[in-house]
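# Residue-level structural notes
If you want the building blocks of each chain, they are given just below.
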Amino acid sequence: MQRYCCELCGSFSPSHPSVKDDHRYPRAVTQLADAIDAFADASLEAIQDILTVHYGVRPADQQIHNWQTEPTAEIVENDLPVYSGVYTYDEQYLTINGNRAYRLTVYDELMRAPVAEAIVRECTKETVRTFLTTALAEKPTAVITTDGRSDYPEIVEDDLDAFHHRCRFHFIKNGEKKLRRTVFQSVRYSDTEKLRGAIVWSEFKSVFAAPSYETGLRRFEAVLDKIEHLPSELRTYVEQVMGNFDRFAVHLRDEAVPSTTNNLERYYGHTKPTRIKRRFRSLQHARAFLKRQMRVRTIKQGLISRERSLSLGRELFPSLSREQLEPLFTDAKQRYLSWRDRDVD
């Protein structure tokens, strides 16, 4: 049996309060490995090096992998105190054991925290439908912002009884590609026609950045008066908006609705699941990673109470004190908590 040295008396004993039964390493080692995995851009070998320098032990990479893997459900769900009903949904590619998979995420825009995530092998319409209806079951659903995939409006409006809002960034980005790669490089249009088309397209983009719904509507009506100056490849975008203006501009009517999926994209950037291709050796490991990152990001930036944040932090990193956890909060969350404290007083 592995024996441990007592720091108080210097003697050896067959057990130690900081070591779980049948485990070789003290909890401090596993917690440091978890913290590095959650906050640092480190491979398994880098985690080994840090543990070697800090504690003088070098667990095998498989052992570290096992520490970072915990049982989860197929859909990893957050435990927020309240749900706003205003969400964004998106997907991201993952590589698991050399094979492509998809990460599905629904994000609460007002709570600034993920609601649920799942990893699937194929991103079909039925897969997305099952994920969203399961993740948002018994939760309020008012507006869901997505990119332009044709399946989304039906799922959001028919299955979730919510309003579907189209992400401005993805919509404009597709039009910009068409303008650069098709119109500007085409010999069908003269330089004058290309210039006129670019000017009207610029005015069309300003519709979605208007300071109010009424201003956006006036700008759009002005674009319609000049639609003949747009190349046919770009008119389809104007016609899409003409058919359902609110689907593209509800963020101008209600400031709680995001104009894009940027907050969710930033969440993807913070969690960086593809930074090390060999990170995910298994589906279970990937889900465990998502669960850990979900809790970390909720602690850091979620608009939940200070007590709830500290409780989540102590569950994830039991050895950290309140004074060590609070500096993890982002500046935006610190401002929110300060406002909340004043409001309570």
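Structure report, in brief. (Residues numbered from 1 in each chain as written. Predicted model: local features only at pLDDT ≥ 70, side-chain atom pairs only at ≥ 80, totals over all residues. Heavy atoms only, no water.)

### Points about the environment of Val29
Going by this rule: Starting at the N terminus, helices and strands are each numbered in turn, a helix being any DSSP run of H or I of at least four residues and a strand any DSSP run of E of at least two. Between buried and exposed lies partly exposed: a residue is buried under 20% and exposed over 50% of the maximum accessible area for its type, with that area taken using a 1.4 Å probe on protein chains only. Note on definitions: a residue-residue contact is assigned when non-hydrogen atoms from the two residues lie within 4.5 Å.
Mapped onto the elements, Val29 comes out in helix α1 (residues 27–39). On the accessibility criterion, Val29 (4% relative accessible area) is buried. Linking Val29 and Leu51, residues 22 residues apart in sequence, is a C-alpha distance of 7.2 Å. Setting aside anything within four residues of it in sequence, one finds Val29 in contact with Leu51, Tyr55, Val57 and Trp67.

### Concerning the side chain of Gln48
Inspection of the secondary structure puts Gln48 in helix α2 (residues 44–55). The residues touching Gln48, leaving out its near neighbours within four places in the chain, are Val57, Arg58, Pro59, Ala60, Asp61 and Ile64.

### Some details on the nonpolar core
Operational definition: For this analysis, a nonpolar core means a set of buried residues of the types Ala, Val, Leu, Ile, Met, Phe, Trp, Tyr and Cys, connected via side-chain atoms within 4.5 Å.
If you look at the biggest cluster of nonpolar residues, it comprises 34 residues, and the most contacted ones within it are Tyr89, Val106, Phe131, Leu132 and Ile144. Secondary-structure elements contributing two or more residues to this core are β4 (86–96), β5 (99–108), β6 (113–120), α4 (125–135), α5 (152–159), α13 (306–316) and α15 (331–344). Among the elements that take part in this core, β6 stands out by supplying 5 residues, more than any other. Counting 24 residues, the second-largest nonpolar core is a separate cluster that includes Phe171, Val183, Trp201 and Val223.

### Some points on the sheet that holds strand β8 (residues 163–166)
So the rule is basically this: At least two bridges found by DSSP between two strands are what make those strands a pair. Axis geometry follows a simple rule: fit a line to the C-alpha atoms, using only the stretch in contact for helices, then measure angles between N-to-C directions, giving values from 0 to 180 degrees.
In space, the 6 strands of this open sheet follow the order β3-β6-β5-β4-β7-β8, with mixed pairing throughout. Looking at strand neighbours, the two that pair on one side only are β3 (75–77) and β8, the edges of this open sheet. Direction aside, the axes of adjacent strands within the sheet are offset by 25° on average.

### Overview of the packing of α1 against helix α12 (residues 283–301)
The test is simple: Oblique is the label for every angle not falling under 35 degrees (roughly parallel), over 145 degrees (roughly antiparallel), or within 65 to 115 degrees (roughly perpendicular). All amino acids are sorted into three groups, where Ala, Val, Leu, Ile, Met, Phe, Trp, Tyr, Cys and Pro are nonpolar, Asp, Glu, Lys and Arg are charged, and the leftover types, Gly among them, are polar.
Packing of α1 against α12 leaves a shortest axis separation of 10 Å and a crossing angle of 75°. It follows from the interaxial angle that α1 and α12 lie roughly perpendicular. Of the residues in α12, those in contact with Asp34, Asp37, Ala38 and Phe39 of α1 are Phe289, Arg292, Gln293, Val296 and Lys300. Across the contact of α1 with α12, the residue classes tally to 4 nonpolar, 1 polar and 4 charged.

### Brief notes about the pairing of β8
For a regular strand, side-chain orientation follows a simple rule: the groups alternate between the two sheet faces. Relative to β8, strand β7 (residues 143–146) is paired through 4 bridges, and the arrangement is parallel. Along β8, the bridge assignment pairs Val143 with Phe163.

### With respect to the packing of α12 against α13
This is how the line gets drawn: Should the near helix be turned counterclockwise from the far one by less than a right angle, the crossing is left-handed, whereas a clockwise turn marks it as right-handed.
Running from N to C, α12 and α13 cross one another at 145°; their axes reach a closest spacing of 9 Å. Where α12 crosses over α13, the handedness of that crossing is left-handed. Contacts from Arg292, Arg295, Val296, Thr298 and Ile299 in α12 reach Ser309, Leu312, Gly313, Glu315 and Leu316 in α13. Grouping the amino acids of the contact of α12 with α13 by side-chain chemistry returns 4 nonpolar, 3 polar and 3 charged.

### Quick word on a positive patch on the surface
Condition: Each patch is assembled from residues with relative accessible area greater than 30% and no salt bridge, linking like charges that lie within 9 Å and nonpolar side chains (Val, Leu, Ile, Met, Phe, Trp, Tyr) that lie within 5 Å. Per-residue and other accessible areas follow the Shrake-Rupley method at a 1.4 Å probe size, with only the shown protein chains counted as cover for residues. For this document, the term salt bridge refers to a Lys or Arg side-chain nitrogen within 4 Å of an Asp or Glu carboxyl oxygen. Just so you know, the count uses Lys and Arg for positive and Asp and Glu for negative, and it drops His and the chain ends. Lys charges are placed at NZ, Arg charges at CZ, Asp charges at CG and Glu charges at CD.
There is a patch of like positive charges on the surface, built from Lys173, Lys177, Arg180 and Arg181. Take Lys173: it is sitting in helix α6 (residues 168–183). Overall, the relative accessible area of 38% leaves Lys173 in the partly exposed class.

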